[in-house]
Amino acid sequence: SVLGGWLKWDMGRTPLGVAFATRPFNLAEIYLLAESPFDGILQEDINSVILAIRGFPITGKMPQYMIDPSAPGGKVLMIDGGKTPHRKRIALASWKTSHDSWTASVMQAADPDKGRYQRLIGLVNQVISSSERIDYLVFPELSIPARWFIRIAQKLHSRGICLIAGIEYQHVGNGEVANQIWGSYDHAGLGFSSMMVFRQDKQRAALGEERDLESLAGLSLKPRESWDSPPIIKHGDFAFSMLVCSELTNIGYRAGLGGHIDALFVPEWNRDIHTFDSLVESAALDIHAYIIQ
């Protein structure tokens, strides 16, 4: 009944893939389905769903928001990474997204880049086969269709690599789209290494983005989940936040992060290299943290 409440499908319109499922939802998919999966009050609901469809209960501490009055927003998402502390190694994907692919995602049309998925798999395989240990792989803003994310994230997770990527626009109806970063992180809350997914919304469209969405398809950007201060994530011993492209220009977002994070991830899709060079240098000094753009 809990899972059914999360799904919210119209009566008689259950997708056939669910009605005649060949496997239960995996743990990462449960995080995509659950409402407020990191709210401590709802952990018992997640436990009951995991027990019902996977056959085992939660044995450890699941990822959840913990109250921290000193942090921006008053809370921190705590994820038990289950790893010993070490210097983090981050890989940046040099990844091409054509403007035609962006237009297709806005118009909900077929992607004209027929080789895009194979290019993605090739890049991921190169990362996996690297002789250097990699902890996080970062893709740009709006770079991966949502339907590809879980498969890619699971492949990387099998090698101990977390994925942070900008997801193509999510069409939410009423002429609105969401621009999100998805992050897949390993955790040990179930007694073994498993993968969870955290989604964060871009709060406002950049000026050019706002204009293009309106002119192409009469769309506007609206976050599925709003926030006043960027969420802080503590993955094991590593504390970080994420901003999407033009959000780095908002000094209000940056101001409260100083002293609370080790790094700031900024997935971008932007040609204004010179402005962002200066912003990154300034942010690194203001926040006293590494900036990954």
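Residues numbered from 1 in each chain as written. Predicted model: local features only at pLDDT ≥ 70, side-chain atom pairs only at ≥ 80, totals over all residues. Heavy atoms only, no water.

A tally of helices and strands in the protein chain yields ten helices and twelve strands. Scaling as 2.2 N^0.38, a compact globule of 293 residues should have a C-alpha radius of gyration of about 19 Å, and the protein chain matches this with 19 Å. C-alpha extents for the protein chain along the principal axes are approximately 55 × 45 × 40 Å. Here the protein chain holds 293 residues, and the buried ones make up 46% of them. Summed over all atoms, the accessible surface of the protein chain reaches about 15000 Å², with 52% contributed by carbon and sulfur. (Helix = DSSP H or I, 4+ residues; strand = E, 2+ residues; numbered from the N terminus. Rg over C-alpha atoms; globule rule 2.2 N^0.38 Å. Buried < 20%, exposed > 50% of the residue type's maximum accessible area, 1.4 Å probe, protein only. Areas by Shrake-Rupley, 256 points an atom, 1.4 Å probe, with all protein chains shown as cover.)

Where burial is concerned, most of strand 10 (residues 238–242) is hidden: five out of the five residues are buried. Here strand 10 shows a buried face lined by Phe238, Phe240 and Met242 and a second buried face lined by Ala239 and Ser241. Sheet analysis places strand 9 (residues 232–235) next to strand 10, joined by four bridges and oriented antiparallel. In the sheet register, Ile233 faces strand 10, and the bridge partner there is Phe240. Bridge count for strand 10 against strand 11 (residues 263–265) is three bridges, and the pairing is parallel. Counterpart to Ser241 in the pairing with strand 11 is Leu264. (Pairing = 2+ DSSP bridges.)

Helix packing for two helices is described by the angle between their axes and how far apart those axes are. Where helix 6 (residues 116–128) contacts helix 7 (residues 146–157), the axes come no closer than 10 Å and their chain directions differ by 20 degrees. With respect to their mutual orientation, helix 6 and helix 7 come out roughly parallel. Note that helix 6 runs across helix 7; the crossing there is right-handed. Between helix 6 and helix 7, the residues in contact are Arg116, Tyr117, Leu120, Ile121, Val124, Asn125, Val127 and Ile128 and Trp148, Arg151, Ile152, Lys155 and Leu156, respectively. Tallied by class, residues from the contact of helix 6 with helix 7 come to nine nonpolar, one polar and three charged. (Axes fitted to C-alpha atoms, helices over the stretch in contact; angles between N-to-C directions. Parallel < 35°, antiparallel > 145°, perpendicular 65-115°, else oblique. Left-handed = near helix turned anticlockwise from the far one by under 90°. Contact = heavy atoms within 4.5 Å. Nonpolar A, V, L, I, M, F, W, Y, C, P; charged D, E, K, R; others polar.)

Helix 8 (residues 207–217) packs onto helix 5 (residues 99–107) with a crossing angle of 60 degrees between their chain directions and a minimal axis gap of 10 Å. One element, helix 5, and the other, helix 8, form an angle in the oblique class. Crossing of helix 5 over helix 8 shows right-handed handedness. Between helix 5 and helix 8, the residues in contact are Trp102, Thr103, Val106 and Met107 and Asp212, Leu213, Leu216 and Ala217, respectively. A breakdown of the residues in the contact of helix 5 with helix 8 according to their chemical character gives six nonpolar, one polar and one charged.

Moving on: the nonpolar core. Tyr185, Phe240, Met242, Leu248, Leu264 and Phe265 are the most contacted members of the largest nonpolar core, which totals 51 residues. For this core, the leading source of residues is helix 10 (residues 273–287), giving five residues. Once you skip the residues sitting within four places of it in the chain, Phe265 turns out to touch Ile90, Tyr136, Val138, Ile164, Phe238, Phe240, Ser241, Met242, Leu243 and Ile292. (Core = buried A, V, L, I, M, F, W, Y, C linked by side-chain atoms within 4.5 Å.)

Okay, the confidence of the model for the protein chain next. In low-pLDDT regions, the fine details of the predicted coordinates are not to be read closely. In this model, the protein chain carries a mean pLDDT of 88, and residues with pLDDT of at least 70 account for 94%. The element-level mean pLDDT for the protein chain is lowest in helix 2 (residues 16–19), coming to 69, with strand 4 (residues 136–138) highest at 97. (pLDDT = per-residue confidence, 0-100.)

A few words on the sheet that holds strand 9. Strand-to-strand pairing in sheets goes through backbone hydrogen bonds, with the strands running parallel or antiparallel. Taken in spatial order, the six strands make up an open sheet running 1-2-9-10-11-12, and their pairing is mixed. Since the sheet does not close on itself, it has two edges, and those belong to strand 1 (64–67) and strand 12 (290–292), each with one partner. Across this sheet, the average inter-strand angle for adjacent strands is 30 degrees, counted without regard to direction. When strand 11 meets strand 12, the two strands line up parallel, connected through three bridges. By the bridge assignment, Leu264 is partnered in strand 12 with Ile291.

The next thing to look at is helix 7. Helix length check: helix 7 (twelve residues) gives 17 Å between terminal C-alpha atoms against 16 Å at 1.5 Å per residue, within 8%. Turning to helix 7, its buried residues are Trp148, Phe149, Ile150, Ile152, Ala153 and Leu156. (Expected span 1.5 Å × (residues − 1).)

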